[in-house]
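Observations on chain architecture
Listed here are the chains, written in short residue letters.
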Amino acid sequence: MTGRADITLSVNGQSYTRRVDPRLLLSDFLRHELGLTGTHVGCEHGVCGACTILLDGRSARSCLMLAVQAHGAEVETIEGQGTVAALGPIQQAFREHHALQCGFCTPGFVMTILDMLRHHDLGDDAAIREALSGNICRCTGYEHIVNAVRALVRERGKPA
Amino acid sequence: MTGAPDAVELRPKLVGQRVRRTEDPRLLAGAGRYVDDLTPPGALHVAIRRSDQPHARIRGIGATEALALPGVVAVFDARDLEGMIRPAIPASRMAGYHATPIWPLARGTVRYVGEPVVAVLAESRYVAEDALELVAIDYEPLPFAIRAADAAADGAPLLHEDAGTNVIIAREFARGDVDAVFRDAPVIVGGRFRMTRKTAVAMENRSYLAAWDRGRAALTLHSSTNIPGIIRDVLAGCLELPGNRLRVVAPDVGGSFGGKGSLYQEEMLVAALARRLERPVKFTSDRLEDLSATSQAFDEVIEAELALDAEGMLLGLRAEVTGDIGAYSIYPWTGALEPVQVASFLPGPYRLAHYRGRVRGVLTPKPPTGPYRGVGRPSSTFAMERLIDMAARKLGMDPMEIRRRNLVTAPEFPYRTASGIVWDRSAFQECLAAACDHADYPALLRARDAARAAGRWVGIGLASYAELTGIGSRISVAPGMPINTGTETAAIRIDATGAVTAAFGIASHGQGLETTLAQVIADELGCRMEDVEVQHGDSALLPASSGTYASRSAVLAGGAATLSARVVKAKLLRAAAHLMDVPAEALEASGGIIRARSSNTSMSFQEVAQAVYAGMGRIPREQREELTASETYDPYLGTAGSATHLAMVEIDPGTYGVTVTRYVVAEDCGRIINPLIVDGQVQGGVAQGIGAALLEEVVHDDDGQCVTASLADYLVPIATGMPEIGIVHVEAVLPATLGGFRGMGEGGTIGAPAAIANAVADALSPLGIEVDTLPVTPDRIFRMVEAARLRNPGQRTGA
Ligand code: FES
Ligand code: FES
């Protein structure tokens, strides 16, 4: 086995330095080294989107990256979006619209939507569905997720 | 004792409200706890080397190299497990059935690609997986028949020698004189319908963690299962452990749809290994393993014929169902679960006097089939609804009209179908009418005809069905199965702090039962929802339990919750009556406060509970009762659920892709506890039904290899492929179940494949094409259109 590597990265604003195997997936690093088990793994081959995080502000699949590739990066995960007692806006919209059932896909959707809301118009349902099309949810049939995003888009338009 | 506020606000009932879910905050904040999130110190990871052969004798297994890899702790094959665990036997009283035993690892023979053969235990999952490659297995290939029709033929190679046949299930349903009816019938339609093999694809892969407590000689298994009670009971036998030293916990579970509703070899394996090694042992499946070794579903060929009179009234139905059940019968449902239900539900919600349905379940070298949302009924509804549409076309009758004439009507309930199922009163006719109303059916027909005149492939499809939900002890969920699926218990207690805890044997895995059951209990007890903690998914909560499956939890657990809450409330009011010195009948509870109607005294639940438990002597010894109850509900027969689905589709003549442009579900699910949750269940079910109709198919090639073992090959619906779904809740007479609840978790998956199949067939009807195989992929449509063009070279075939 090749030698271990030292990495330093920021996760949800907190800095971590760890020595890791070069082949350790970023998803496993977050889940099992840092104990941030809110990031889920549904396929490990880049299709389902359950493992989506933000890497330097843009959504990325943590199952397709090695932890060492995140050296020096700023990572955001579901744990940084709100707490059980004080949910963040996307999480709140999901609750309001019953956009989750088993909740397994949910962190990946929330992180994807965070990116999409920042960078895309999402002006109509077709655009919203397109934005969600890289994430699989097996429970909801997507309609309530679309409703939640539509409401978030409307909120975003309002002056602060 | 506190004085009552002047104005007593009457709290609206929670049942029926769009209450936000209790489960959501933890799941949304990333604070859910799924099995793979749990890693106790010292845990070993097990990786499994699976068979790459469909049928072979194991000549030898070499583990030396694997064992030499640093970090590998042990390697086990079936021989090493001898004496550590007994097999599970999926027994049934069904005549002619052969139960194939379930061992954790293949013993001497492998029978499908993906079957567990060798377990490698290591300090990390990475190392365990590395070591898999180093295990050497020497196979001697054995003959096999991969297709069910071949496996059922005389002289086919046997998969289980001691069964003496590959046909381990054979049953017949018969009523009336069906052959005589067919001799004289003016109209006969028939087809050979094929619902291909599917799999559940819950987003969380299966995961198991077993921990052995050396001090207590006790085992705890955390399992991503929806039947923890059943798993506890069967493992107790396999491991020879009493139930008080074996606990099975299903924490948060990331979906099941039936795929996590059977015993798995890996559950047996981690349990046996944790006890032997006295260390926690964890297994987490990857998606490839999930797609090739989680229970699969459907896979039937239904050869069926329907006879009608000239007015379109159904006269008789005959069918031969061949179910490809895979290599083993599954525990506890057996391989009969799926195909037998196809034959028993085939007559559907229709008035039909003459029926003969024969069914065979055939062993083939593929993963075992088991429950998947809808069980049997997606296939039976697909075949029957296709026949109805084919008949309507032959008679020149509207598909809605032919259904209206034949659906059982209100005065006919309870109606016994030709296969012996009894339909409790349900809104069969009303659902058909409501779906067509909601969609403005006449306008849709005009739109379709205009599109068709312009050469576009547009079609409309209807599907009506009924199902049994909340089945009680009278009927076994699977035929002849020796477990009790007909009762449910709720143990409710008000503790010394006044808090309410309600324990159930169900195991919610996305259905939001923590919320809906709290709604029911809060209403019955007269407390706030947030005062109620619902516990479930843990075999230690109750003496006996099974889990959540077969659309039973709202009906059974809701009924048990009602019964127990009533007993607890009566005790609470008796105690309060003594403390407040008024008759119990003069008290009412609301929002966690007990008030006297006539005077302005009141006490909180907390005050009464403290007096009962801590206030020595405040209640006389002979009157003091614990504020607890454990009541069991058995709906005996259960009740029917019914619906009509309507789909409109357009087929792209360039890509042959199908777009669902309109979708309506009108359903009767009785009294609704939470409309938000019901809508979510319908939408999710329809999505899976659309997947079954258009995308999903597990394919095994002629060599027995699964060629759809990634999510790039086994396609499930994504957001862009789903229409918005119009949902109509039809208010009909409530069923006789306690609370008036019907089950409704599976309906979407039952109606959608048939509705889509009928819509696609309608779209292609100008070409004379009938849909008989699902999914109707672009490839299948292309081939059907090409064949039609060869049949009718002159005909215009669309754009
Ligand atoms: S787990 Fe990363 S995309 Fe599925
Ligand atoms: S909520 Fe279960 S997979 Fe999306």
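Residues numbered from 1 in each chain as written. Chains lettered and ligands numbered in written order. Predicted model: local features only at pLDDT ≥ 70, side-chain atom pairs only at ≥ 80, totals over all residues. Heavy atoms only, no water.

Side note on the overall build of chain A
Scanning chain A from N- to C-terminus turns up 5 helices and 5 strands. Listing every helix and strand of chain A by position from the N terminus yields β-β-α-β-β-β-α-α-α-α. In terms of overall size, chain A behaves like a compact globule, its C-alpha atoms giving a radius of gyration of 16 Å where 160 residues would be expected to give roughly 15 Å. The C-alpha extent of chain A, read off along each of the three principal axes, is 50 × 35 × 30 Å. Buried positions account for 58% of the 160 residues belonging to chain A. The long-range fraction of contacts in chain A, counting pairs at least 24 apart against all pairs at least 6 apart in sequence, stands at 56%. (Helix = DSSP H or I, 4+ residues; strand = E, 2+ residues; numbered from the N terminus. Rg over C-alpha atoms; globule rule 2.2 N^0.38 Å. Buried < 20%, exposed > 50% of the residue type's maximum accessible area, 1.4 Å probe, protein only. Contact = heavy atoms within 4.5 Å.)

Things to note about the UniProt feature "domain: Aldehyde oxidase/xanthine dehydrogenase a/b hammerhead" (unreviewed entry) in chain B
Taking the UniProt record as the reference, the feature "domain: Aldehyde oxidase/xanthine dehydrogenase a/b hammerhead" (unreviewed entry) is found at residues 29-143 of chain B. Overall, residues 29-143 of chain B shows 15% helix and 30% strand. The separation of its end C-alpha atoms is 53 Å. (UniProt positions renumbered as here; feature names shortened; annotations may be inferred.)

Let's talk about the environment of Ala557 of chain B
Residues and elements named next belong to chain B. Secondary-structure assignment places Ala557 in helix 16 (residues 553-580). Distance in space between the C-alpha atoms of Ala557 and Asp634 is 9.6 Å, their sequence separation being 77 residues. With sequence-adjacent residues up to four places away left out, Ala557 is seen in contact with Glu488, Phe504, Ile506, Leu517 and Arg552.

Concerning the nonpolar core
Ranked by internal contacts, the top residues of the largest apolar core, which has 173 residues, are Phe94 and Ile113 of chain A together with Trp423, Tyr663, Val760, Leu764 and Ile781 of chain B. It is helix 19 (residues 747-763) of chain B that contributes the most residues to this core, 9 residues altogether. Ranked by size, the runner-up nonpolar core spans 52 residues in total, among them Ile506, Ala522, Ala575 and Ala576 of chain B. (Core = buried A, V, L, I, M, F, W, Y, C linked by side-chain atoms within 4.5 Å.)

Some details on the interface of chain B and chain A
With 57 residues of chain B at the interface, the matching set in chain A holds 48 residues. Between chain B and chain A the total buried area reaches about 4400 Å² when both faces are included, carbon and sulfur atoms providing 56% of it. For chain B, the biggest contributors to the area lost against chain A are Leu28, Tyr126 and Met203 of chain B; these three give 18% of the whole. At the junction of chain B with chain A, the criterion picks out 7 salt bridges. Linking Arg138 of chain A and Glu696 of chain B is a salt bridge whose minimum nitrogen-to-oxygen distance equals 2.7 Å. For the pair chain B and chain A, the number of links is 28 residue pairs in polar contact (both at pLDDT 80 or more). Only helix 1 (24-28), helix 4 (125-132) and helix 18 (675-694) of chain B provide two or more residues apiece to the side of chain B that touches chain A. The element that contributes the greatest number of residues to the side of chain B that touches chain A is helix 18 of chain B, accounting for 9 residues. Of the residues assigned to the side of chain B that touches chain A, the class counts are 26 nonpolar, 16 polar and 15 charged. (Buried area = accessible area lost by both parts, 1.4 Å probe. Salt bridge = Lys/Arg side-chain N within 4 Å of Asp/Glu carboxyl O. Polar contact = N/O pair within 3.5 Å; in protein donor to acceptor, adjacent residues only side chain to side chain. Nonpolar A, V, L, I, M, F, W, Y, C, P; charged D, E, K, R; others polar.)

Describing the sheet that holds strand 12 (residues 246-249) of chain B
Residue and element names in this part refer to chain B. Read from one edge to the other, the open sheet built from 7 strands follows the order 4-6-2-13-10-11-12, with strand pairing classed as mixed. Where the open sheet ends on each side, the last strands, each with one partner, are strand 4 (72-77) and strand 12. Direction aside, the axes of adjacent strands within the sheet are offset by 20 degrees on average. Sheet topology places strand 10 (residues 207-213) next to strand 11 (residues 218-223); 6 bridges connect them, and they run antiparallel. Note on strand 11: the bridge partner recorded for Ala210 is Leu221. Against the sheet, helix 4 touches strand 2 (44-50), strand 4, strand 6 (116-122) and strand 13 (281-284), its axis set at about 25 degrees to strand 2. Packed on one face of the sheet, helix 7 (residues 228-239) meets strand 11 and strand 12 and runs near 150 degrees to strand 12. (Pairing = 2+ DSSP bridges. Axes fitted to C-alpha atoms, helices over the stretch in contact; angles between N-to-C directions.)

Considering the packing of helix 11 (residues 377-395) of chain B against helix 19 of chain B
Residues and elements named next belong to chain B. Viewed as axis vectors pointing N to C, helix 11 and helix 19 meet at an angle of 30 degrees, and their least axial separation amounts to 8 Å. Relative to helix 19, the element helix 11 is oriented roughly parallel. The two elements helix 11 and helix 19 cross, and the hand of that crossing is right-handed. In this structure, helix 11 uses Arg377, Pro378, Thr381, Phe382, Glu385, Arg386, Asp389 and Arg393 to contact helix 19, whose residues at the interface are Thr749, Ile750, Ala754, Ala757, Asn758, Ala761 and Asp762. (Parallel < 35°, antiparallel > 145°, perpendicular 65-115°, else oblique. Left-handed = near helix turned anticlockwise from the far one by under 90°.)

Topic: the pattern of salt bridges
Considering all chains together, one arrives at 63 salt bridges over all chains under this definition. A salt bridge links Arg118 of chain A to Glu76 of chain A, with the shortest nitrogen-to-oxygen separation between them at 3.9 Å. Of this pair, Arg118 of chain A sits in helix 3 (residues 106-119) while Glu76 of chain A sits in strand 5 (residues 74-76), placing them 42 residues apart in sequence. A salt bridge links Asp179 of chain B to Arg356 of chain B, with the nearest nitrogen and oxygen atoms 3.0 Å apart. With a gap of 177 residues between them, Asp179 of chain B in helix 6 (residues 178-184) and Arg356 of chain B in strand 16 (residues 354-363) connect regions that are remote in the sequence. Three or more residues are tied together by salt bridges with common partners; here these are Arg386, Arg393, Arg448, Asp449, Arg452, Asp762 and Glu770 of chain B.

Quick notes on the domain arrangement of chain B
Residues and elements named next belong to chain B. In terms of domains, chain B is made up of domain 1 (5-32 + 487-633), domain 2 (35-142 + 205-253 + 260-293) and domain 3 (296-473 + 636-791). Here domain 1 and domain 2 have C-alpha centroids that lie 39 Å from each other. On the side of domain 2, 16 residues touch domain 1, which itself brings 16 residues to the contact. Buried area between domain 1 and domain 2, both sides added, is near 1200 Å², and the carbon and sulfur share of it is 44%. One salt bridge connects Asp538 with Arg247, and the closest N-O pair in it is separated by 2.6 Å. Across the contact surface, domain 1 and domain 2 share 6 residue pairs in polar contact (both at pLDDT 80 or more). In terms of residue class, the side of domain 1 that touches domain 2 is built from 6 nonpolar, 8 polar and 2 charged. (Domains from an automatic or database assignment.)

Focus: the pairing of strand 27 (residues 639-651) of chain B
Residues and elements named next belong to chain B. Burial analysis of strand 27 places 12 of its 13 residues in the buried class, which makes it a mostly covered element. The pairing of strand 19 (residues 457-469) with strand 27 spans 13 bridges and is antiparallel. Bridged to Ala466 within strand 27 is Ser642. Count of turn residues in the strand 27/strand 28 (residues 658-668) antiparallel hairpin: 6 residues, of which Tyr656 carries a positive phi of about 65 degrees.

Observations concerning the environment of Pro228 of chain B
Residues and elements named next belong to chain B. Examined against the element boundaries, Pro228 turns out to sit in helix 7. We classify Pro228 as buried; its relative accessible area is 1%. With 305 residues separating them along the chain, Pro228 and Glu533 place their C-alpha atoms 19 Å apart. Pro228 has contacts with Val248, Ala250, Ala507, Gly537, Asp538, Ser539 and Ser546, leaving out every residue within four places of it along the chain.

Describing the domain arrangement of chain A
Residue and element names in this part refer to chain A. Looking at the assigned domains, one finds that chain A contains domain 1 (5-80) and domain 2 (89-156). Averaged C-alpha coordinates put domain 1 and domain 2 at centres separated by 21 Å. Every contact between the two is made by 18 residues of domain 1 and, on the other side, 16 residues of domain 2. The contact between domain 1 and domain 2 buries some 1300 Å² in all, and 56% of this surface belongs to carbon and sulfur atoms. By the criterion of area lost to domain 2, the three top residues of domain 1 are His40, Arg58 and Ile78, representing 36% of everything that side buries. Put simply, domain 1 and domain 2 have 2 salt bridges between them.

Considering the packing of aromatic side chains
Two numbers describe a pair of aromatic rings. These are the distance of the centres and the angle of the planes. All chains considered together, the criterion is met by 11 aromatic pairs over all chains. Seen in terms of ring centroids, Phe104 of chain A and Tyr34 of chain B are 5.2 Å apart; in terms of plane orientation they differ by 90 degrees. Their pairing is edge-to-face. One end of the pair, Phe104 of chain A, is in the loop between helix 2 (89-96) and helix 3; the other, Tyr34 of chain B, is in the loop between helix 1 and strand 2, on a second chain. For the pair Phe104 of chain A and Tyr34 of chain B, a shared accessibility class is recorded, and that class is buried. Counting every residue linked through ring pairs, the aromatic cluster contains Phe345, Phe413, Trp423 and Phe428 of chain B. Here the guanidinium or amino end of Arg107 of chain B rests over the ring plane of Trp103 of chain B, the centre of that ring lying 3.6 Å away. It is Arg318 of chain B that lies over the ring of Phe182 of chain B; its NZ or CZ is 3.9 Å from the centre. (Phe/Tyr/Trp six-rings, centres within 6.5 Å; stacked < 30°, edge-to-face > 60°. Lys NZ or Arg CZ within 6 Å of the ring centre and 35° of its normal.)

A word on the side chain of Arg129 of chain A
With respect to the helices and strands, the residue Arg129 of chain A is situated in helix 4 (residues 125-132). Of the side chains with opposite charge, Glu724 of chain B comes closest to the buried, unpaired Arg129 of chain A, at an N-O distance of 4.9 Å. (Lys, Arg positive; Asp, Glu negative; His and termini not counted.)

Here we look at the sheet that holds strand 4 (residues 58-61) of chain A
All names here are of chain A. Spatial strand order, 2-1-5-3-4: 5 strands in an open sheet with mixed pairing. In this open sheet, the two edge strands, each paired with only one partner strand, are strand 2 (14-20) and strand 4. Within this sheet the neighbouring strands show an average axis-to-axis angle of 40 degrees, counted without direction. Relative to strand 5, strand 1 (residues 5-11) is paired through 2 bridges, and the arrangement is parallel. From the neighbouring strand, Val11 faces strand 5, where its bridge partner is Val75.

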